[in-house]
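# What the coordinates show
The lines below spell out each chain.
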Amino acid sequence: MARAPDLSVPIEIPEEMDGPRILLRPLRPEDAPAVWDALEESRRHLAPWLPWVHALRSVDDERAAIIEMRARWTLRTDLVVGIFDRAAGRYLGGSGLHRINWDLRIFEIGYWIRATAEGHGYVTEAVQLLARLAFDRLGANRVEIYVDPQNVRSRSVPARLGFVLEGTLRQFRAGPDGRPQDRQVFALIRDDYLRLAWRDAHGLSGG
């Protein structure tokens with residue numbers, strides 16, 4: 001496991017990140033009912049792809065999970081954010097920078113979106129914001145996205161944004177049934193990122 005950063009030298013990470021239509025921020029305990037509502041709405045939509053969905057069975061479970069997420073945010077070991085509609089404040093889904101290797105500055109972006117928000121480009125916007133955060137503020141050398149090859153919608157996000165498909169890792173991660181499943185890995189290294197037209201299209205804001 002990668003070593004956590006030295007917290008005696010704080011790593012500055014904005015508490016909010018604004019896009020044209022979305023706001024990204026760490027979840028708070030009071031967000032638990034809104035997150036639970038999104039999960040309940042989307043269980044059948046998410047269950048084939050996300051093993052953790054089965055473990056959350058109540059609002060209290062979600063609140064406990066959020067408290068753990070906030071602790072990992074403070075330690076800079078896992079940077080989970082909620083995706084919110086910027087105008088209405090509605091909770092849309094989750095994303096973040098995961099499996100962080102601070103020594104090599106490698107980050108993985110994960111994401112999910114509630115069923116009624118699918119197909120509107122919110123995840124694409126979230127990934128752009130997080131990639132900018134990683135490369136422009138956190139000194140990333142590499143940003144990865146792993147997707148189930150059968151999840152066509154999820155796979156289309158990194159492909160659309162210019163991430164490089166590096167290959168398929170066979171039986172690489174556990175699926176919802178606990179059995180190993182294949183994952184395709186998409187990645188950007190810094191040289192790739194600097195060539196992307198969208199990286200300067202909408203600057204990262206927030207504080």
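Structure shown above.
Now for a quick tour of the structure. Bear in mind that the values here come from a model prediction, so they are computed numbers and not experimental data.

### Brief notes about the pairing of strand S4 (residues 91–101)
- The buried fraction of S4 is high, at nine of eleven residues.
- In sequence, strand S3 (residues 79–85) turns back onto S4 through a hairpin of five residues, with glycine 89 there showing a positive phi of about 80 degrees.
- By the bridge criterion, seven bridges tie S4 to strand S5 (residues 106–113) in an arrangement that is antiparallel. From the neighbouring strand, glycine 96 faces S5, where its bridge partner is glycine 110.
- What sits between the antiparallel neighbours S4 and S5 is a turn of four residues, in which arginine 105 has the positive phi angle 55 degrees.

### Focus on the sheet that holds strand S2 (residues 22–25)
- Strand order across the open sheet formed by eight strands is S1-S2-S3-S4-S5-S6-S8-S7, with mixed pairing between neighbours. The open sheet has two free edges, formed respectively by strand S1 (17–18) and strand S7 (164–174), since each of these has just one partner strand.
- In the sheet, S1 pairs with S2 via two bridges, with the strands oriented antiparallel. When the bridges of S2 are listed, methionine 17 appears paired with leucine 24.
- Packing against the sheet, helix H3 (residues 122–137) makes contact with S1, S2, S3, S4, S5, strand S6 (142–147) and strand S8 (180–189), and its axis sits at approximately 160 degrees to S5.

### Observations regarding the packing of aromatic side chains
- If you walk through the whole model with that rule in mind, you get six aromatic pairs.
- An angle of 10 degrees between the planes, with centres 4.5 Å apart, marks the rings of phenylalanine 135 and tyrosine 193 as stacked. Placement of phenylalanine 135 in helix H3 and of tyrosine 193 in helix H5 (residues 190–194) is noted, with a sequence separation of 58 residues between them.
- Using a relative accessible area of 2% as the deciding quantity, one classes phenylalanine 135 as buried.
- Between tyrosine 193 and tryptophan 198, the aromatic rings sit 6.2 Å apart at their centres with planes inclined by 70 degrees, giving edge-to-face as the arrangement.

### Digging into the nonpolar core
- In terms of nonpolar packing, the biggest core is built from 41 residues, with Leu24, Leu97, Ile109, Val127 and Leu138 touching the most fellow members.
- Looking at this core, the elements that each hand over two or more residues are S2, S3, S4, S5, H3, S6 and S8.
- Here the element with the most residues in this core is H3; it accounts for ten residues.
- Those residues in contact with leucine 24 that sit more than four places away from it in its chain are Glu15, Glu16, Met17, Val81, Gly82, Ile83, Ala126, Leu129 and Leu130.
- Formed by 18 residues, the second largest nonpolar core is a distinct cluster that contains Leu27, Leu39, Val53 and Tyr91.

Reading the values: rules and limits
Residues numbered from 1 in each chain as written. Predicted model: local features only at pLDDT ≥ 70, side-chain atom pairs only at ≥ 80, totals over all residues. Heavy atoms only, no water. Buried < 20%, exposed > 50% of the residue type's maximum accessible area, 1.4 Å probe, protein only. Helix = DSSP H or I, 4+ residues; strand = E, 2+ residues; numbered from the N terminus. Pairing = 2+ DSSP bridges. Contact = heavy atoms within 4.5 Å. Axes fitted to C-alpha atoms, helices over the stretch in contact; angles between N-to-C directions. Phe/Tyr/Trp six-rings, centres within 6.5 Å; stacked < 30°, edge-to-face > 60°. Core = buried A, V, L, I, M, F, W, Y, C linked by side-chain atoms within 4.5 Å.

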